[in-house]
Amino acid sequence: MTAPQILSVVLLLAVLVVAIGRRMNIGVLALAAALPVLAVSGFDAKAMYTAFPGDIFVLIAGVSLLFAHLERSGALALVVDRVYAAIGDRHGLLPWAGFAIGAALSTAGAFSTAPIAFLVPMIAHVGVRAPRMFLLSELAVVIGANSAGLSPLNPTGAVVRTAADKAGVHYSGWGLWAVSMAVAVTVVVILQALTALARRRGHPVEATPAPAAADEQGGPSNRWYMAASGAALIAFVALVVLAGTDVGVTAICLAALLQIAFPTAADERALLARIPWNSILLLCGLLTYLGLMQKIGTMDSIAEILRHLGTGALLILVIAYLTALLCNIESSTLGVLGLMTPIAFAAFGHTGVVFWVTAAICVPSALMVMNPIHVAGTLIIGNTAPDEQDRLFRRLLTLAGALAATAPGLLSLIPIALL
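The model shown is predicted, which means the values in this text are computed figures rather than measured ones. (Residues numbered from 1 in each chain as written. Predicted model: local features only at pLDDT ≥ 70, side-chain atom pairs only at ≥ 80, totals over all residues. Heavy atoms only, no water.)

**Q** Break down the packing of aromatic side chains for me, with residues and values.
**A** In this structure the tally under the stated criterion is six aromatic pairs. Consider the rings of W174 and W177, whose centres lie 5.6 Å apart with planes at 85 degrees: the pair is edge-to-face. Here W174 and its partner W177 are both found in helix α10 (residues 173–200), three residues apart, which amounts to about one turn of the helix. On the basis of relative accessibility, which here comes to 24%, the residue W177 falls in the partly exposed class. Between the aromatic rings of F355 and W356, the centroid separation amounts to 5.1 Å while the plane-to-plane angle is 80 degrees, which identifies the pairing as edge-to-face. Residue placement shows R161 over the ring face of Y171; its charged tip is 4.4 Å from the ring centre. (Phe/Tyr/Trp six-rings, centres within 6.5 Å; stacked < 30°, edge-to-face > 60°. Helix = DSSP H or I, 4+ residues; strand = E, 2+ residues; numbered from the N terminus. Buried < 20%, exposed > 50% of the residue type's maximum accessible area, 1.4 Å probe, protein only. Lys NZ or Arg CZ within 6 Å of the ring centre and 35° of its normal.)

In structure tokens:
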């Protein structure tokens, strides 16, 4: 490796250490690290900016705006309320209702943080009536929403697809989503069985929703705005899936039409505040820096080193477990996958097991989201009774650790067996 390439790797490691240790935005640090790399390599900064992921920027902003209309109009709350009303006293179905709603929203393109942030308090409100199912229902919605993020319509799935395209790798996007959902269903089934077993043995694994969790989700009572928002979501899915239009541009167009049609109900400041600007900065900064590394040849050198190490079982396990570890200590699954998938594609892109290697890396990462240092885990704890929060913190940390220890290894068995 050349001096600029070595420097780019060293600075990337420094960025990760500082971001995790100081809880700083990786995107900001990555863009700052680009300056010394540009200076040492003599590379033109204008060429670096061609790596800026404009399509990802538009996708996250557009989909977030569209789903902000759904939430603000009250359409989303209406659907959720009717689902839970239909369940009634069949409390065993409560976790699966939240799982299905969260998974459906993320599959349709919602950045997973949005449905999680909306549904966790909503489920806590339902949990007041069914406290025995509260914790399991919260975990189910978080797992469902985040696991469905590997949908090709979702920003997370788009990040993996972008990394694959840059590496010249082809895989089934919907196939990866299907594997992720199958694993998510399995995890929730196991959690439900363990909860029932613990209850029968007199050791219930339960938590109590906080009284403040009973607050209702509200929005403007404009029925036309509500109906138009629901129609926009249906049109979005139809245009993207059936007509093949661009996800981000389609979402932006529909969101803009709603804004024009309902300027009073759709307050622009409130809508723009729903865009996850921190995540956009993180992802765009990191991917721009990785693009710079690609242009100066660092990624090719890493791929060559990995080829010398081989493409065997040990390498699959190392990449899979390293990804799960980073997802546990870094709150952005999106950023971690943006970092790790190019390495995986460089090592296994030319093999016949690339799809299953991708699954072994990406699918477990979605399960780490209940870690209490993540947004989802924090929301669950925040909607739990104060005197139970410390105990729940340890419980969620243990659960995330158990999944990080088992899921990557189990999923890695498939590509290892196929080698």
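Moving on from the coordinates now.
**Q** Hey, could you go over the pattern of salt bridges for me, with residue numbers and the actual values?
**A** Between side chains of opposite charge, pairing is possible as soon as their charged atoms come close. Throughout the structure, instances matching the rule amount to one salt bridge. A salt bridge links E71 to R274; the shortest N-O distance between them is 2.8 Å. Taken together, the residues E71 in helix α4 (residues 54–73) and R274 in the loop between α13 (268–273) and α14 (277–295) connect sequence positions 203 residues apart. (Salt bridge = Lys/Arg side-chain N within 4 Å of Asp/Glu carboxyl O.)

**Q** Give me the side chain of E138: which residues, what numbers.
**A** Inspection of the secondary structure puts E138 in helix α8 (residues 134–147). Setting aside anything within four residues of it in sequence, one finds E138 in contact with V120, I123, A124, I380 and N383. (Contact = heavy atoms within 4.5 Å.)

**Q** I'd love a proper account of the nonpolar core, names of residues and values included.
**A** Counting residues in hydrophobic clusters, the biggest one holds 142 residues, and the most contacted among them are Y84, I143 and Y289. Beyond its immediate chain neighbours, meaning those up to four positions away, I143 contacts F99, A184, V187, V188, L191, L367 and M370. (Core = buried A, V, L, I, M, F, W, Y, C linked by side-chain atoms within 4.5 Å.)

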